Amino acid sequence: MKILICSAITALALPVMAGTAYAQGCSSVYVSATDYDQSRPLTLDAAIARAANASPEVLTAALEAKASSADADQASRWLNPSLSVETENFAGSGSLEGFNAYETTLVVAQTLQLGDKRRLSERAARAEAALASAECSVRSLEAQKLAGELYLELRAAYDMAEVAQASADLASEFSGVVQRRVDAGASAPPELLRARAEAAALQAVADGARGQVEAKGLALASVWGSPEIDFVLSGTAEIVTDPAGGSAQPDSGVHPSLAAAKAGATARSAATDRARAGAWPDITVSAGVRRFEDTGDSAFLAGVSVPLPVFDRNQDATRAAGLRTQSAELSAQTVEARLRAEQASLAAQVRAAKSRLQRLEGEALPLAEEAYTAAAEGYRVGKFDLTATLDARRSLIETRAAVIDARLALQTYTLRLRALIGAAPFEGEIQ
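Note that the coordinates shown come from a computational prediction; the quantities given were computed from them, not determined experimentally.

The next point concerns the packing of aromatic side chains. Tallied over the entire structure, the rule returns two aromatic pairs. A centroid spacing of 5.4 Å and a plane angle of 50 degrees characterise the contact between phenylalanine 174 and tyrosine 379, whose relative ring orientation is tilted. Linking phenylalanine 174 in helix 3 (residues 117-183) with tyrosine 379 in helix 6 (residues 315-380), this pair joins segments that are 205 residues apart in sequence. By the burial criterion, phenylalanine 174 is buried, and tyrosine 379 matches it. Seen from their ring centres, tryptophan 224 and phenylalanine 231 are 6.0 Å apart, and the 75 degrees between their planes marks the pair as edge-to-face. Neither residue differs from the other here; tryptophan 224 and phenylalanine 231 are each classed as buried. One Lys or Arg, arginine 181, reaches over the ring of tyrosine 379 and ends 4.9 Å from the middle of that ring.

Looking now at the environment of alanine 271. You can see alanine 271 is positioned in helix 5 (residues 256-277). On the basis of relative accessible area, alanine 271 is assigned to the partly exposed category, the value being 29%. It is 8.8 Å that separates the C-alpha atoms of alanine 271 and alanine 127, two residues lying 144 residues apart in sequence. If near-sequence neighbours (up to four positions away) are discounted, alanine 271 is found in contact with Ala124 and Ala321.

A word on a nonpolar patch on the surface. Together, Leu83, Val85, Leu106, Val108, Val289 and Phe300 make up a nonpolar patch on the protein surface, roughly 610 Å² of accessible area in all. Counting residues per element, the ones that place at least two in the nonpolar patch are strand 2 (82-88) and strand 3 (103-112). Following the sequence through the fold, valine 289 ends up in strand 5 (residues 283-292). With relative accessibility at 31%, the residue valine 289 sits in the partly exposed group.

All right, on to the pattern of salt bridges then. Under the defined criterion, the tally for this structure stands at 20 salt bridges. The partner of glutamate 149 in a salt bridge is arginine 416, with the nearest N and O atoms 2.8 Å apart. Of the two residues, glutamate 149 sits in helix 3 while arginine 416 sits in helix 7 (residues 386-421), which places them 267 residues apart along the sequence. On the accessibility criterion, glutamate 149 (15% relative accessible area) is buried. The closest approach of N and O atoms between arginine 319 and aspartate 316, which form a salt bridge, is 3.4 Å. Note that arginine 319 and aspartate 316 are positioned in helix 6 at a spacing of three residues, about one turn of the helix. Of the residues examined, arginine 319 reaches a relative accessible area of 53% and is grouped as exposed. A cluster of three or more residues bridged by salt bridges with shared partners is formed by Glu198, Asp391, Arg393 and Arg394.

Spatially, 2-3-5-6 is the arrangement adopted by the four strands of the open sheet, whose pairing is antiparallel. With partners counted over all chains shown, the strands left at the sheet margins are strand 2 and strand 6 (297-305), one partner each. The mean angle between the axes of side-by-side strands here comes to 20 degrees, regardless of whether they run parallel or antiparallel.

Let us look at the UniProt feature "coiled-coil region" (unreviewed entry) in the protein. In the UniProt entry, the feature "coiled-coil region" (unreviewed entry) is given for residues 117-144. Helix makes up 100% of residues 117-144 and strand 0%. Its end C-alpha atoms lie 40 Å apart.

What follows concerns the pairing of strand 3. Across seven bridges, the pairing between strand 2 and strand 3 is antiparallel. The partner of glutamate 86 across the bridge, within strand 3, is threonine 105. Examined bridge by bridge, strand 3 and strand 5 share 10 bridges and lie antiparallel to one another. Paired with glutamate 103 across the two strands is phenylalanine 292, which belongs to strand 5.

What counts as what
- Residues numbered from 1 in each chain as written.
- Predicted model: local features only at pLDDT ≥ 70, side-chain atom pairs only at ≥ 80, totals over all residues.
- Heavy atoms only, no water.
- Phe/Tyr/Trp six-rings, centres within 6.5 Å; stacked < 30°, edge-to-face > 60°.
- Helix = DSSP H or I, 4+ residues; strand = E, 2+ residues; numbered from the N terminus.
- Buried < 20%, exposed > 50% of the residue type's maximum accessible area, 1.4 Å probe, protein only.
- Lys NZ or Arg CZ within 6 Å of the ring centre and 35° of its normal.
- Contact = heavy atoms within 4.5 Å.
- Patch = residues over 30% accessible without salt bridge, like charges linked within 9 Å, V, L, I, M, F, W, Y side chains within 5 Å.
- Areas by Shrake-Rupley, 256 points an atom, 1.4 Å probe, with all protein chains shown as cover.
- Salt bridge = Lys/Arg side-chain N within 4 Å of Asp/Glu carboxyl O.
- Pairing = 2+ DSSP bridges.
- Axes fitted to C-alpha atoms, helices over the stretch in contact; angles between N-to-C directions.
- UniProt positions renumbered as here; feature names shortened; annotations may be inferred.

Structure, rendered in structure tokens:
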């Protein structure tokens, strides 16, 4: 398992760049992710940037955005002219027998789109390309958030593994105390068996915790498409700070979800204009030359063909496109409202998680450590029984685990809030 974590913990405040860090589209996404330097320790920022640049879902969406741009280029092109050659009045009967009186006509025809269809078609295709690019940004932000959360879970899993191993070591050490008391006749032999059973159970928990570290590492690597753990972790555990105390306002105009919703509304509006232009019939103009074989004379031809919009004036397609435009506009309004509600919810969750962590670290953990130390010493000198000591140790282990869980919750909520308002490290690039 290719994971290396040092136990040093230092605070690393992340700068706030609300509303400025979102990438515009996916033009900066690498199609190949082979440039990542695996020898450099993976930090939270690097994990998020690597997900943005190498996630298979993001790369797929980026290619689709490029394909949509190519579709827009295609929509801007003129229709091709047509060339036709016709031969008439040959191999008949009477005076038309053989090829003495046949006529040959060469015609070039060009269809002209009325109602500004070509420009409106290109505009609609460009809007679809912008929508594809915005949707790619949504995919990118989702991949970044997933990588960030999995990174924090990996850190927490490692901390939990350390706590589990320390608890197992503590139980093993305490078994020695019980052994000495049993040897001295101060405790009954079953107490030693109980202490050893507790130590073995805690060691099993530690073994399982190490497996969780590997599982979390594999889950993180899979975000950028790696089938194995291809990174080492930084020796510094970053602290994701609360941007402006949770009061920073998101620039809703650049949030990928809302940008995609607005791009969808623009695309539907452009499609409506294109459908409305479909009421105009296209005309085909033609010009050519005809040769009369029996006289050797030639003559020019000209013609105009116009379909009659009697039964179909594209009115139903126009109405359908208009309804979809209304739906897209409503969706954009809904997304904006939900983003603001989500920010308020996350800010509240950050405050609650911070209060919980402070209470656990500042009060519960020191008291639990003091209680176990006193209980272990009291058992050693014969003042307390084994049950009280084991209960105190169990309480200490649970409190340490609760601190890790509270820290993970605070970090996760803060990370989500930063992603919502566009604060660092969203969106970065591999350095």
